[in-house]
Every structure is written in structure tokens, then in C-alpha cells.
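Chain and residue survey
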Amino acid sequence: MASTPETSFSSDHSGGGQQKHRQRSDPAPLKQPQRSESVLPSPEQTESSESPASIPSDVDEDIIQHAFDVVWAFYCSLPLPTGPYPTFHFTSPPSFDALYRRFDEHKGLSQFVLDNFRVDWNADTCELLLRLMPTFVHDIFQNLVQSAIKAELKRVSEEYPELEPTYRNIIPAGHAFSQRGSLTSIKSPDGQFLFQGAPTSPLLFEVAYSEDERKALNKLHEYFTHTPGYTILTFDLDYAPPKKRRAEGHTHCAAVLLATSIQDVDDPEYIAVDELLDSMFREDGQPLAGHVDIPFELFVPLEQRAALPASAAGANIHISFQDLAHFVSVAENEERVRVATPPHKVPWKGTKWRKRNGDVDTI
């Protein structure tokens, strides 16, 4: 991906235009071409059952308890002792489901995890990474991008009426994953566009804006490794520590990468990943010339694309670099306003003095 100054991740290749990577459809490594202390309240529990076949090892029981304690602490509004990216290394894949059964035993906790954490799980390495919801700049930019894509999809459905039934099946969604356990790898994207009836989302998007997201390209690799048909739109906003990014006049450089994948026709054991776009779109606070064009068909599952009307071939979701740069500016300005605005405090109405005999005096 095109590098940005102080980038959250940088490119491991050079060159423009379409580029093809090959990787095995099993979880093999990507073949890259050679290139130039608080007491917690007791949670309310509900009944649950556990299959003896999926009971984790004693070692993993300790890790599961640790992971549960971290999540429960955050649920109780206590600071995370592990920082914003708690990582846990299990010894066997069933431990992931065992942890989620622990969450399911406590009313409201599973939904809390869904709303407040992004979950990255790799059954090959048995590593679980819980990521807290992102920074303000990241969140604002991400929401603006998703809104722009939604508006463009609507425009396409109006311009090409024959695509309107397909458009109705495209569902904007958040970061939540819909399956676990049987999958060997789970990633929680920043956003996605589901397709009605499809088991996976055809199009995902990621916004990389964190010192801990330096391996974003490796993350894209993990998406592509198991399933052909993914399209991933990735944005890189150069990271700055809070004090610097909140200073008047600071601007973020930014880049965009668009890549899609299909099963290689000539070599079915491989997935071909085509890089459709890799470019900076903002530098020194100014937009660069260019735009992102996402073919409409990429919002449709791979196996259904051949049945699309012929006009789908010319239908694109179009977002200018100027609009993307504007979204970054809006996020920057809103964060500065948010930081400069003191929190609203509701004034106390008074003090009630409760006596031991049960009388109450209002002071």
C-alpha cells in the first residue's frame, strides 16, 4: 500500500496498476512475487450446558478465566490492565468457544462484547486478540466512508433500474462476525457490506489508524487466505499521538488500497488477489487528484456475479479523493471540538441526610 509519513503501515511492494498475488486456498502462507486490583460485582447468570468433548485443557481454563476477567473488568467500567489490545494464547481451538460460552452464561455480556470489542481469532495459532473500539478520528472517518458507499449504491440502483433488485440484497453492516467455531480464522472488519443469504460478506473495509495496526497488510492476507471472492477496501491514516493530532494545524496524510480475489482459473489450488488501486489521496492537508471506483459486482457473492444483468459491468461506486480528504478533515475538526468541549455536568439538586431512625432531611 502507498506509504504515508508516520504511517500506521507501509507498503512491501512498489508499482501501480493491477497486480496479482497468488496464495493457496488452504491456510498456506501467501506466495508474494519478488518486488523492487478491583472487586467486581457478581454477574447475573443464566443456565448453560457444555459438551464434554469441547472442554478445554487445565492450562486453557486459566487463560479463559484471565480473558473473561479482562472483559468483565471493562464491562464494569474498570480500566483494562492489559491495554487496548489484550491478546491470549490458547493451546487448542475449542477454548475459543469455551470462552464464548462463559460470556453467554452472563446476561448481557455477549452483546457487550459484540458492541465494544473487535475479535480476531486464528485457530491455526490459537491466538485471540480483542481490540477495543477505535479512536475518534478512526470512527468518524469510517462512518463517513460507509455513508458515502451507501449513497453511491443507491445512485447506481436508480441509474441502472435492472440492478435495483440486487441493490436491495446489499446490507451495510458493522464489524460483527456472524460465525465462529467451525472457522479456522475470524477477523472483525471495521465495516462490511453483507449480501442477503450469503454466508460471508463480499466486501469489507478497514481503516488502519493505530500504532498497533502496523501489520495491516498481513491482516488483509488473513482475510484472503481462506475464501476467494473477498474484496477489501483499506484506508491508511498516518498515526499521530493524541497531543499532536489535536494541535491546531495538524493534518493526516492518507492512502487507499482496493484489492479483490478470485480462484485462479489456471491454477485452482491458488487464490488470485488483484490489486485494483493503491494510492495516496491526501497529503499536507490537501486532496490529491484521483478517485476510488468499486465495481458494483464486487458487492455480490462471487458465485452469483455471472447471473447479473449485462449493465452491471459498467456500474461503479465512485468516491473522489477530494471527498475522502474532506472526510479526514471532518474527523480531525470534530475531534478537536470534542477535546476542547468540557463534559456536561448535571447539577446536584441538594443533599439528603439519611438518619439511622429512617428520617430523611433535605439540605
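Report on the accompanying structure. Note that the structure is predicted; figures quoted are calculated from it, not measured.

Let us now look at the overall build of the protein chain. On a plain count of helices and strands, the protein chain comes out with eight helices and 16 strands. Among the 363 residues that make up the protein chain, the fraction classed as buried is 44%. Counting every atom, the protein chain has about 19200 Å² of accessible surface; 52% of that belongs to carbon and sulfur.

Inspection of every chain in the model, using the stated rule, returns six salt bridges. E164 serves as the salt-bridge partner of R168, at 2.3 Å between the closest nitrogen and oxygen. In this pair, R168 and E164 are both assigned in helix α5 (residues 164-168), four residues apart and thus about one turn of the helix distant. We classify R168 as exposed; its relative accessible area is 54%. Ionic pairing is found between R282 and E332, a salt bridge with its closest N-O pair at 3.0 Å. Taken as a pair, R282 in strand β11 (residues 270-283) and E332 in helix α8 (residues 321-340) lie far apart in primary sequence, 50 residues in all. Sharing partners across several salt bridges, the network here consists of E152, R155 and E159.

Turning our eyes to something else, we now look at the pairing of strand β7 (residues 191-195). A regular strand carries its side chains on alternate faces of the sheet. By the criterion of burial, β7 is predominantly enclosed, with four of the five residues buried. As defined by bridge partners, strand β5 (residues 170-173) adjoins β7 across four bridges and the pair is classed as antiparallel. In the sheet register, A173 faces β7, and the bridge partner there is Q192. Relative to strand β8 (residues 203-208), β7 runs antiparallel, the two being bridged by three bridges. Across the sheet, G191 pairs through a bridge with F205, a residue of β8.

Attention now moves to the nonpolar core. Within soluble globular proteins, side chains that are nonpolar generally end up buried alongside one another. Membership of the largest hydrophobic core comes to 41 residues, with the highest contact counts inside it found for F141, F281 and L324. Of the residues forming this core, the biggest block, eight residues, is contributed by helix α4 (residues 136-159). If we ignore the near neighbours within four places in the chain, the residues touching F141 are V207, F235, L237, F281, L324, F327, V328 and A331. Counting 24 residues, the second largest nonpolar core, distinct from the first, contains A67, F68, F96 and F112.

A few words now on the packing of helix α1 (residues 58-75) against helix α3 (residues 109-116). Two measures define how a pair of helices packs: the angle their axes make with one another and the distance between the axes. It is the contact of α1 with α3, at a shortest axis distance of 11 Å, that shows an interaxial angle of 80°. On the basis of the axis angle, α1 is roughly perpendicular to α3. For the pair formed by α1 and α3, the contact residues are F68, V71, W72, F74 and Y75 on the first element and L109, F112, V113 and N116 on the second. Residues that form the contact of α1 with α3 fall into these classes: eight nonpolar, one polar and no charged.

In this model, α1 (18 residues) spans 25 Å end to end at C-alpha, consistent with the 26 Å of a helix rising 1.5 Å per residue. Of all the positions in α1, only D60, I63, I64, A67, F68, V70, V71, W72 and A73 are classed as buried.

With phi around 60°, C126 is a residue other than glycine that occupies positive phi space. Looking at the secondary structure, you find C126 in the loop between β3 (117-122) and β4 (127-132). For C126, a relative accessible area of 7% translates into the label buried. Positive phi outside glycine occurs at D284, with the angle close to 55°. Along the chain, D284 turns up in the loop between β11 and β12 (286-287).

Locating D60 in the fold gives a position in helix α1. Summary of buried charges: D60 has no salt-bridge partner, and the nearest side chain of opposite charge, R101, is 10 Å away. Within the structure, the side chain of D60 is placed 2.8 Å from the backbone nitrogen of T91, a separation counted as a polar contact. Those residues within four positions of D60 in sequence are excluded, and the remaining contacts are F90, T91, S92 and S95.

Structurally, the position occupied by F96 is in helix α2 (residues 94-104). For F96, a relative accessible area of 1% corresponds to the buried category. C-alpha of F96 to C-alpha of N122: the two residues are 26 residues apart in sequence and 9.6 Å apart in space.

Among the secondary structure elements, T260 is positioned in strand β10 (residues 254-263). Since its relative accessible area comes to 8%, T260 is described here as buried. Looking at T260, its side chain comes within polar contact range of the side chain of T231, at 2.7 Å. If near-sequence neighbours (up to four positions away) are discounted, T260 is found in contact with F224, Y230, T231, A272, V273, D274, L276 and L298.

When its relative accessible area of 27% is taken as the criterion, E164 is described as partly exposed. With 11 residues separating them in the primary sequence, E164 and L153 have C-alpha atoms 9.4 Å apart.

Rules of the game
Residues numbered from 1 in each chain as written. Predicted model: local features only at pLDDT ≥ 70, side-chain atom pairs only at ≥ 80, totals over all residues. Heavy atoms only, no water. Helix = DSSP H or I, 4+ residues; strand = E, 2+ residues; numbered from the N terminus. Buried < 20%, exposed > 50% of the residue type's maximum accessible area, 1.4 Å probe, protein only. Areas by Shrake-Rupley, 256 points an atom, 1.4 Å probe, with all protein chains shown as cover. Salt bridge = Lys/Arg side-chain N within 4 Å of Asp/Glu carboxyl O. Pairing = 2+ DSSP bridges. Core = buried A, V, L, I, M, F, W, Y, C linked by side-chain atoms within 4.5 Å. Contact = heavy atoms within 4.5 Å. Axes fitted to C-alpha atoms, helices over the stretch in contact; angles between N-to-C directions. Parallel < 35°, antiparallel > 145°, perpendicular 65-115°, else oblique. Nonpolar A, V, L, I, M, F, W, Y, C, P; charged D, E, K, R; others polar. Expected span 1.5 Å × (residues − 1). Lys, Arg positive; Asp, Glu negative; His and termini not counted. Polar contact = N/O pair within 3.5 Å; in protein donor to acceptor, adjacent residues only side chain to side chain.

Note that every value here comes from positions in space, so none of it alone points to a role or purpose.
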